[in-house]
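# Structural characterization, general
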Amino acid sequence: MSEGQTPGPVGEVRAAAVQWHLPFEVADYVDFYSSRAHAENLGRMFRPGAEPLTPNWLHLPIGYHGRAGTVVVSGTEIHRPHGQRGAGDFGPSRRLDIELELGFVIGKPSDGPVSVERALEHVFGVALVNDWSARDIQAWEYVPLGPFLGKSFATSISAWVTTLDELPVVEGSKQEPPPPDYLRIDNFAYDIPLEIELNGSVISRTNASNIYWNVAQQIAHLTSNGATLRTGDLLASGTISGPGERERGSLIELTWNEGPFLEDGDEVVLRGEGLGEVRGRIAV
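Right, let's walk through the structure included here.

### Brief notes about unusual backbone geometry
- In this chain, E176 is followed by P177 through a cis amide linkage whose omega measures 5 degrees.
- Mapped onto the elements, P177 comes out in the loop between β12 (169-171) and β13 (188-190).
- For the peptide bond that leads from G259 to P260, omega is 10 degrees, which places it in the cis range.
- Its place among the elements puts P260 in the loop between α5 (251-254) and β17 (267-272).
- One non-glycine residue, N199, adopts positive backbone phi at about 50 degrees.
- With respect to the helices and strands, the residue N199 is situated in the loop between β14 (193-198) and β15 (201-207).

### Some points on the pattern of salt bridges
- Per the counting criterion, the structure on display carries 18 salt bridges.
- Across the pair R281 and E77 runs a salt bridge whose closest N-O atoms are separated by 2.9 Å. Taken as a pair, R281 in strand β18 (residues 276-281) and E77 in the loop between β3 (71-73) and β4 (82-86) lie far apart in primary sequence, 204 residues in all.
- With a relative accessible area of 37%, E77 lands in the partly exposed category.
- A salt bridge links R279 to E267; the shortest N-O distance between them is 3.4 Å. Taken together, the residues span a long stretch of sequence, with R279 in strand β18 and E267 in strand β17 at a distance of 12 residues.
- Taken together, the shared-partner salt bridges connect E195, E197, R205, E267, R271, E277 and R279 into one network.

### Section: the nonpolar core
- One finds L102, F104, W132 and I219 to be the most contacted residues of the largest nonpolar core, which totals 56 residues.
- The element contributing the most residues to this core is helix α4 (residues 215-223), with 5 residues.
- Listed in part, the 9 residues of the second largest apolar core include F24, V26, I157 and L234.

### A closer look at the layout of surface pockets
- Of the voids in this model, the largest pocket is the one considered here, and its volume is about 800 Å³.
- Taken together, 34 residues make up the lining of the largest pocket; nearest its centre are Y33, L42, Q138, Y142 and P147.
- Those elements giving two or more residues to the lining of the largest pocket turn out to be β1 (29-32), α1 (36-46), β2 (63-65) and α2 (135-141).
- Per-class residue counts for the lining of the largest pocket are 17 nonpolar, 10 polar and 7 charged.

### Re the side chain of S158
- You can see S158 is positioned in the loop between β10 (155-157) and β11 (162-163).
- Its relative accessible area of 0% is what places S158 among the buried residues.
- Within the structure, the side chain of S158 is placed 3.1 Å from the backbone oxygen of W160, a separation counted as a polar contact.
- If we skip the residues at most four places from it in the chain, S158 touches P23, V73, S74, A127, L128, L275, E277 and V278.

### Section: empty space enclosed by the protein
- In the structure shown here, the tally under the stated rule is 1 cavity of 30 Å³ or more.
- Considered as a void within the structure, the largest cavity measures approximately 70 Å³ in volume.
- In terms of lining residues, the largest cavity is bounded by L102, F104, F188, A189, Y190, A208, I211, W213, N214, V215 and Q218.
- Sorting the residues of the lining of the largest cavity by element identifies β7 (100-106), β13 and α4 as the ones contributing at least two each.
- The greatest single-element share of the lining of the largest cavity, amounting to 3 residues, is contributed by β13.

Analysis parameters
Along every chain, residues carry numbers that run from 1 in the direction the sequence is written. Reporting of local features is limited, given that this is a predicted model, to residues whose pLDDT is at least 70; pairs of side-chain atoms are given and counted only at 80 or more, and all residues count toward the totals for whole chains, interfaces and linings. Side-chain numbers come from the whole structure's heavy atoms, not from hydrogens or water. Under the scheme used here, helices are H or I runs from DSSP no shorter than 4 residues and strands are E runs no shorter than 2 residues, and both carry numbers assigned from the N terminus. A side-chain nitrogen of Lys or Arg and a carboxyl oxygen of Asp or Glu constitute a salt bridge if their distance falls within 4 Å. Only protein chains enter the calculation, and the probe is 1.4 Å; a residue is then buried if its accessible area is under 20% of its type maximum, exposed if over 50%, and partly exposed in between. To form a nonpolar core, buried Ala, Val, Leu, Ile, Met, Phe, Trp, Tyr and Cys residues must be joined to one another through side-chain atoms within 4.5 Å. In this analysis, the protein atoms alone were mapped onto a 1 Å grid. Cavities are point sets where a 1.4 Å probe fits without being able to get out; pockets are open sets with protein on both sides within 12 Å along at least five of seven lines; lining residues have an atom within 4 Å of a point. Grid points are joined across faces, edges and corners, and a volume is the space filled by probe spheres set on the points. Classification used: nonpolar for Ala, Val, Leu, Ile, Met, Phe, Trp, Tyr, Cys and Pro, charged for Asp, Glu, Lys and Arg, polar for all others including Gly. Pairs of N or O atoms within 3.5 Å make up the polar contacts considered here, provided that, within protein, one atom can donate a hydrogen while the other can accept it, and that residues adjacent in sequence are counted only when both atoms are side-chain atoms. Whether two residues touch is decided by their heavy atoms; if any such pair falls within 4.5 Å, the residues are in contact.

Structure below.
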């Protein structure tokens, strides 16, 4: 017990006195875009009248490389990022958002491509992830190279990792068209109820089974060009959303891009059954 902590009943330590630490040293960080409902929701918002999914979405797990150095543990206060919100418009984000995700932690490195059949051998376990997003900064900067300052300022993860053998497995979404051979596997998902709480009120409930591209396919695709895995790599699923209006994993979806978004002093808690929570408060 650290100095200043107060013992509770039967040797417990009061939560307010606990200092959480990252459960592992993050090597590389990759964020995928693997929930079909989430991708379709954003497509309908930003490309009305067009196909909601981009032409590549059903053929490969889309992802981008994030910033490992700004992954922080649950309970860390989040400072509102500054950036360009448009031409000549620099300042604090007015559209600060959350993303409810799973993060798969690599426990066994690789020196090249990993087959989809053996990919899970490299996964130690799962943490909850909140990949904070500044939607106004992101919208201005992401064409043509994708997310940068709108995503790299902070990513919160839970203070512990749950091993894969503790997670209930169910059949995953039917993948149509069938993936290419290097991604072909019986699709599976993890049956994990998830929820978002904002300032003490639950605003969304969904399930990790709403991930379309499973983690084995993500790993096989990530390494297919020869990229290696390192112990401590964090592979996030991307925002997890279900088909219902209250099954969405981000405020931009829950409000259909109209807001409100996060205000200073707001506290967000993401929870997953068997995974604990990841908590973050926006600094005042």
